[in-house]
Structure formats: structure tokens, C-alpha cells
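Okay, here's what each chain looks like letter by letter:
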Amino acid sequence: MRKDTVALVWVKPGSGKVLVNGKEMAVYFARPVLQMILKQPFSVANVKGEFDAYATVAGGGLSGQAGAVKHDISKGLQLYGPTQRQALKGAGFLTRDSRVVERKKYGKPKARRSFQFSKR
């Protein structure tokens, strides 16, 4: 079974609070780098402390989840203020990374890896 990262984010005007899976951003994403990733769309759009974000995310690792939430926050901010689209697009926050895990093929131990060849 393939596990992709899926994120649903609600962005609404508020005090700048970010909840991920019902927890504060600092609790769910403990590493400062991941917290910085989530704050980037707000700083690029110049709306720090003006919007709340409620995210539900599943699959992948913490870094992939942070990227997915950042992408969805950017899309939500763009819907609230179409003038912010240019800044968010220029920063590359509206581009989706479409890479997914390749499926395993029959007769192989992994997707492309083959068993060791033995001549005798």
C-alpha cells in the first residue's frame, strides 16, 4: 500500500494561531526548522498574525507533512487575497511536488532492485 502525504488546511482571519492535528504547531512539529517552514507563507504574504490555520495531515514523514501544510496554507492565503498570489508564486509556495513512491514490481525485491546474479 502506498502512503502519500495528505493535508487539509482551513485558513481564516484570526490571531495567527496554527493547529496541526489538534495540537499547537510547536508541539506537533518540535524541530525549529519545520516551524519556520510553516511560518514562511505568512511572512512572504505580509500577513503575520492576521490568519489562523487549522491543518489535518496524514502520511509521509514530518518534513513532508510540513511541506504539504505549507503548500495548503499558501493556497488558502491566495484565495483570501488574490493580490498575494504573485508573492507566493514567486517564492515557489504554490508549486506542488508531484513525486510519489514507485510501486513494487513482481519478481523483484523492491521497485527496481534485482536479486544478486550468480553465474554458477
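(A) Spotlight on the side chain of S74. In this fold, S74 is placed in helix α3 (residues 62-80). When near neighbours in sequence (up to four residues on either side) are disregarded, S74 contacts P41, L88, F93 and L94.

(B) Main features of the side chain of D72. Along the chain, D72 falls in helix α3. Despite its burial, D72 pairs with no opposite charge; the closest candidate is K75, at 6.7 Å N-O. In this view, D72 contacts A7, L8 and V9; residues no more than four positions away in its chain are not counted.

(C) Region of the structure containing helix α2 (residues 32-44). Over its 13 residues, α2 runs 18 Å from end to end, which matches the ideal 18 Å to within 8%, given 1.5 Å per residue. At L38, α2 shows its strongest bend, of approximately 35 degrees, with the proline P41 following within four residues. When we look at burial in α2, the residues that qualify are L34, Q35, I37, L38, P41 and F42. The elements touched by buried residues of α2 are β2 (18-20), α1 (25-28), β4 (51-58), α3 and α4 (85-90). Positive backbone phi, at 55 degrees, marks N46, one or two positions downstream of α2.

Here is what the cut-offs are and how they apply
- Residues numbered from 1 in each chain as written.
- Predicted model: local features only at pLDDT ≥ 70, side-chain atom pairs only at ≥ 80, totals over all residues.
- Heavy atoms only, no water.
- Helix = DSSP H or I, 4+ residues; strand = E, 2+ residues; numbered from the N terminus.
- Contact = heavy atoms within 4.5 Å.
- Buried < 20%, exposed > 50% of the residue type's maximum accessible area, 1.4 Å probe, protein only.
- Lys, Arg positive; Asp, Glu negative; His and termini not counted.
- Salt bridge = Lys/Arg side-chain N within 4 Å of Asp/Glu carboxyl O.
- Expected span 1.5 Å × (residues − 1).
- Bend = angle between axes of the 7 residues up to and from the residue.

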